[in-house]
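# Fold and geometry: a report
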Amino acid sequence: MSQTDQVEAELSIGPQALNAYSRLSYTMWYALAEFIDNSTQSRLNYESVIDDVLREEGTPLVVEVTHNRLAREIKIRDNSIGMTRDDLIAALRIAHPTKDSKGRSKYGMGMKTAACWIGKRWRIATCEWGSGEEWTAEVDVPSIANNSAKIPLKRRSVGTDEHYTLITITDLHRSIQQRTEENIRGYLGSMYRFDIIDGLLKILYNGEEIPAPDEYDLDTDPQGQPMRLEFDNVPIGGKTVSGWVGVLRKGGRKFGGFSLFQNRRQIQGFPNAWKPRTIFGGVDDEGANNLVAQRLAGVINLDGFQVSHTKDAILFEGNEEEELESYLAKLTKDYRSYAAKRRSEKTQAWSREKVRDLVQTMAKEFSNPEMSDAVANSLLPPLETILASNRKQAASLDPKDVIAGFSIGQELKVVVALQERSEYDPYLVIEASAVPGTIYVLINSLHPYYMSLESSDAVDECIRQYIYDAVAEYRVSKLDGRVSPDSVRRLKNDLLRVQEVRVGNAAAEAQEVTDLGEADAPPSGA
């Protein structure tokens, strides 16, 4: 008879896991939010103490984020209650929640994973209010991961009225471009809108205060009441949800959709809100660019639901997502019909009067001696020189400058890169011959023209038109062998009509799904 031996093994995580954190699917704004989560949750955990201290000091909780581009360094400083030596040691243990791990910081991982994602080396200096001691920990990720190095802690005496945590991250894995900094401000203001509006939190980025987004400007019904429906304690998958839905007076794709919150902190929302297809239609996660997707909005509180590791998505379990979508589809049925029929003032943007005013304003930009000089005296190098320079720029592209890429069909790929070249280099290079089947859209962010683009909408439209131009030029060159301005404009005309076709197809599909769902639903009262 054979004998079976039974032994036990331990599933453990080695220090090399720290290197893997740099490959997590964070964005810079969600990584920075991990530190703000810790600061705000620390205030909540000890609000009976720190709120009185802050009130006496005449300040709310302040989180300062400072990015030094030249030194490749990021600092995050707060004036919350701070940590003792034992608190700091406990905070450096990954996935070991402490007594303070709750609410926004319940997993005990965010600070470590975010810091490792941002840079190779980081330092924490912290002082608990009343202790008179500052403790500092130096974390060298490569040394710990590859050589199992320890983390040295140092102590120094400070005033007993000091209270802070300062995290300094160096040797950054990623460059933070100007566009990324604009996103950081927009997303962080949206994530912590409730804390900011209530006066509980001030966030500074490079010394500039980040405001909460504007309040929702809701449309009104015939009685003059805001078009807003609230719901509370709705059972979904054994949990409860609450919030509101409404119709915006003036819409826009980035303004529509549902913002998902947990513990009064936005998980997903403006400017990339949750848009389930059964409600908004569409062919991707952003929903269709129709009037419903632009004007139907809301806030949904999902306390108790699972969230992704990077806290940028709700991880629905079982049938939770289907139950929530079904409830919201019924709740918003009348609002969707209203939004789909009523066009806002935005549709009048092409009135003769507005275009006339716009052109008259633009005249100052074009009718001046400097522009006249540029038109009369600008010279061009030989075409072959320009083309050779474009090919060289595409061939030497640094992968860190690549912002995004996507495919159009099976044969064409578009790569968009943001480069910091010289202010004297071209504002844009479109190159399609360096790699077969690939169009490079290379944007020089240091060109002075981009300094005049103050809104993200202007930047979005600028890049969108660059891509349309690039694809049109590529297709014309394939069809005709040469590229003429008239041919490019004619083909671009066809490309610009595609979005309207997609919207129509998606709207028809969404309506079909809704009709089928209503047909399959049991009779009321059954």
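Residues numbered from 1 in each chain as written. Predicted model: local features only at pLDDT ≥ 70, side-chain atom pairs only at ≥ 80, totals over all residues. Heavy atoms only, no water.

Moving on: the environment of Val-441. Here Val-441 lies in strand E17 (residues 438–444). Each C-alpha atom of the pair Val-441 and Val-402 lies 9.7 Å from the other, and the pair is 39 residues apart in sequence. Discounting residues that sit within four places of it in the chain, Val-441 has contacts with Val-414, Val-415, Val-416, Ala-417, Leu-428, Val-429, Tyr-466 and Ala-470. (Helix = DSSP H or I, 4+ residues; strand = E, 2+ residues; numbered from the N terminus. Contact = heavy atoms within 4.5 Å.)

Looking now at the side chain of Asp-37. Inspection of the secondary structure assignment puts Asp-37 in helix H2 (residues 28–45). Judged by relative accessible area, which is 0%, Asp-37 ranks as buried. The contact partners of Asp-37, leaving out residues within four places of it in the chain, are Arg-104, Ser-105, Tyr-192, Arg-265 and Lys-311. (Buried < 20%, exposed > 50% of the residue type's maximum accessible area, 1.4 Å probe, protein only.)

Sheet architecture is open: four strands sit in the order E14-E15-E17-E16, paired in mixed fashion. At either margin of the open sheet sits one strand with a lone partner, and together these are strand E14 (402–408) and strand E16 (428–431). Across the sheet, the mean angle from the axis of one strand to that of its neighbour is 15 degrees, orientation sign disregarded. One ladder, built from six bridges, connects E14 with strand E15 (residues 412–419); its direction is antiparallel. Across the sheet, the residue bridging to Phe-406 is Val-414, located in E15. (Pairing = 2+ DSSP bridges. Axes fitted to C-alpha atoms, helices over the stretch in contact; angles between N-to-C directions.)

Right, let's talk about H2 for a bit. For H2, with 18 residues, the first-to-last C-alpha span of 26 Å sits near the 26 Å given by 1.5 Å per residue. With 15 of 18 residues buried, H2 lies mostly within the body of the structure. (Expected span 1.5 Å × (residues − 1).)

By themselves these figures say nothing about function.
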